[in-house]
Amino acid sequence: MQISVIFTGGTIGSALHENSIGTDRAAKRELLSRYRAASGDETVFKTVEPYTILSENLTLSHITVLAQAIRKELKEADGLIVTHGTDTLPYTAAALSYILGLSKKPAVLVSSNYVLSDPRANGVDNFRAAVDFLRSVPTARGVYVAYRNGEGATQILRAARLLPHLAPTDTVYTLNGIVATWENGTIQISNAYTEQADKIAPLSADALTKSPKRVLLLRAHPDILLPCVTEETHAVLIETYHSGTLPTDSAALMAFTAQAKQKGIPVFAVGITGEKIYESATHYPALGIIPLPPLSPIAAYLKLHLALSNGLDPKEILPRPLGGDM
């Protein structure tokens, strides 16, 4: 199997310089050297570096560049590994899920919680798990993330289902997205994992830069302070409380949604589980709030961006499965 490795920076591509961590060109060689030492595998991977950044500096333009590099590599490679920083890992993971869909040539994103020289780093194990998963699971489709939380087994996660990190931990959370686990070179497929087939075509990444749209992302909190909606905003996405609720008694929310409705700007709510709803959520239709099916908030944010940029109606696109997000 021919595997290409795409390096983009992040902690896995960084080193400690005096009192701060920064990207380091030698980190790529260090990762592959440590992988060979740990696994005994002498494979020479084809490597590509479309850009090198600390992932907190990620923009949608970077995602476009990365998608272009992936398309080029997949013309010859059977599978891909993308190294990435942890801060914005869920964003790139979701974007690539929607750009590639459940493609027959899979990709796995890997990160490291510490620089590779730190004995606590999980980067090498994550990389080993990604290689073994690509080689040993011929049914793999679409985009995954390989990541080990703490001292447990490394998990292979569906990339479109990652949840936001909780500061200041380095734990990666998922919305029912554990596809498999890796431990000591053995891949164990989860019998509990399910996903729906793609119901829409993959979305073009080029549109993110050629026809960019602005999505206002908000999160529910007490005494929520809401901005004025301007014509520069193309859609609003509000992350609900964990029970799928928003403060629908709030005068601020009522005024905000009325303003958005007047300007023709759709307002979506993400975080609804599909189970019995609370009374407050029954007010969504009157406020013009469109509830989404159970999606990771980050996935909904990227799916909304891509739908709008591609000139598609997000009310039609967001509820339909793509890239294993449902």
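Since the structure is predicted, the reported quantities are computational estimates derived from the model, not experimental observations.

**What about the overall build of the protein chain?**
At step 1: Secondary structure assignment for the protein chain yields nine helices and 14 strands.
At step 2: Compactness check: the protein chain gives a C-alpha radius of gyration of 20 Å against a globular reference of 20 Å for 326 residues, within 12% of the reference.
At step 3: Relative to its full complement of 326 residues, the protein chain shows a buried share of 52%.
At step 4: By sequence separation, contacts in the protein chain at least 24 residues apart represent 68% of the contacts at least 6 residues apart.
At step 5: As displayed, the protein chain has an accessible area near 14900 Å², and 52% of this comes from carbon and sulfur atoms.
At step 6: Of note, the protein chain has its 29 positive side-chain charges centred 7 Å away from the centre of its 30 negative side-chain charges.

**Here's the deal with the sheet that holds strand E11 (residues 215-219)**
At step 1: Here four strands make up an open sheet; going across it, the order is E11-E12-E13-E14 and the pairing parallel. Taken across any chain shown, the strands that pair with only one partner, and hence form the sheet edges, are E11 and strand E14 (289-291). Pairwise comparison of adjacent strand axes, ignoring direction, gives a mean angle of 25° for this sheet.
At step 2: As paired strands, E11 and strand E12 (residues 235-239) are joined by five bridges and run parallel to one another. Residue pairing for E12: Leu216 is matched across the bridge by Val236.
At step 3: Packed on one face of the sheet, helix H8 (residues 297-309) meets E11, E12 and strand E13 (267-270) and runs near 175° to E12.

**Some thoughts on the side chain of Arg161**
At step 1: Its location among the elements puts Arg161 in the loop between strand E8 (154-158) and strand E9 (178-183).
At step 2: Here Arg161 is in contact with Tyr173, Thr174, Leu175, Asn176, Gly177, Tyr193, Thr194, Glu195, Ser296, Gly324, Asp325 and Met326, once residues within four sequence places are set aside.

**Here we look at the pairing of E9**
Along any regular strand the residues' side chains alternate between the sheet's two faces.
At step 1: Summarising the sheet, E8 and E9 pair through four bridges and their orientation is antiparallel. Bridge pairing in E9 links Thr154 to Trp182.
At step 2: Pairing of E9 with strand E10 (residues 186-189) involves four bridges; the strand directions are antiparallel. By the bridge assignment, Ala180 is partnered in E10 with Ile189.
At step 3: Between E9 and E10, which follow one another and run antiparallel, lie two residues, and Asn184 among them has a positive phi close to 55°.

**So, the nonpolar core**
At step 1: Core analysis: the largest hydrophobic core is formed by 54 residues, its most contacted members being Ile6, Ile70, Ile99, Leu109, Val145, Leu237 and Leu304.
At step 2: Elements with a contribution of two residues or more to this core: helix H2 (60-73), strand E5 (79-83), helix H3 (89-100), strand E6 (107-110), strand E7 (143-148), E12, E13 and H8.
At step 3: The greatest single-element share of this core, amounting to nine residues, is contributed by H8.
At step 4: If sequence neighbours within four positions are ignored, Leu109 has contacts with Val82, His84, Leu89, Thr92, Ala93, Leu96, Val143, Tyr144, Val145 and Ala146.
At step 5: Membership of the second largest hydrophobic core comes to 29 residues, among which are Leu32, Ala129, Ala140 and Val179.

**With respect to the packing of H3 against H8**
At step 1: Two elements in contact, H3 and H8, have axes separated by 9 Å at closest approach and are oriented at 50°. For the element pair H3 / H8, the angle class is oblique. Read as a crossing pair, H3 and H8 show a hand that is right-handed. Taken together, the residues of H8 that come into contact with H3 (itself represented by Pro90, Tyr91, Ala94, Ala95, Tyr98 and Ile99) are Ile298, Ala299, Tyr301, Leu302, Lys303 and Leu306.
At step 2: Residue classes in the contact of H3 with H8 are distributed as eleven nonpolar, no polar and one charged.

**Observations concerning the pairing of E6**
At step 1: Burial along E6 is two-sided: the residues Ala107 and Leu109 and Val108 and Val110 are all buried.
At step 2: With four bridges connecting them, E5 and E6 associate as parallel partners. In the sheet register, Leu80 faces E6, and the bridge partner there is Ala107.
At step 3: When E6 meets E7, the two strands line up parallel, connected through four bridges. Paired with Ala107 across the strands is Val143, a residue of E7.

About the criteria used
Residues numbered from 1 in each chain as written. Predicted model: local features only at pLDDT ≥ 70, side-chain atom pairs only at ≥ 80, totals over all residues. Heavy atoms only, no water. Helix = DSSP H or I, 4+ residues; strand = E, 2+ residues; numbered from the N terminus. Rg over C-alpha atoms; globule rule 2.2 N^0.38 Å. Buried < 20%, exposed > 50% of the residue type's maximum accessible area, 1.4 Å probe, protein only. Contact = heavy atoms within 4.5 Å. Areas by Shrake-Rupley, 256 points an atom, 1.4 Å probe, with all protein chains shown as cover. Lys, Arg positive; Asp, Glu negative; His and termini not counted. Charge placed at Lys NZ, Arg CZ, Asp CG, Glu CD. Pairing = 2+ DSSP bridges. Axes fitted to C-alpha atoms, helices over the stretch in contact; angles between N-to-C directions. Core = buried A, V, L, I, M, F, W, Y, C linked by side-chain atoms within 4.5 Å. Parallel < 35°, antiparallel > 145°, perpendicular 65-115°, else oblique. Left-handed = near helix turned anticlockwise from the far one by under 90°. Nonpolar A, V, L, I, M, F, W, Y, C, P; charged D, E, K, R; others polar.

All we've got here are geometric facts, nothing functional implied.
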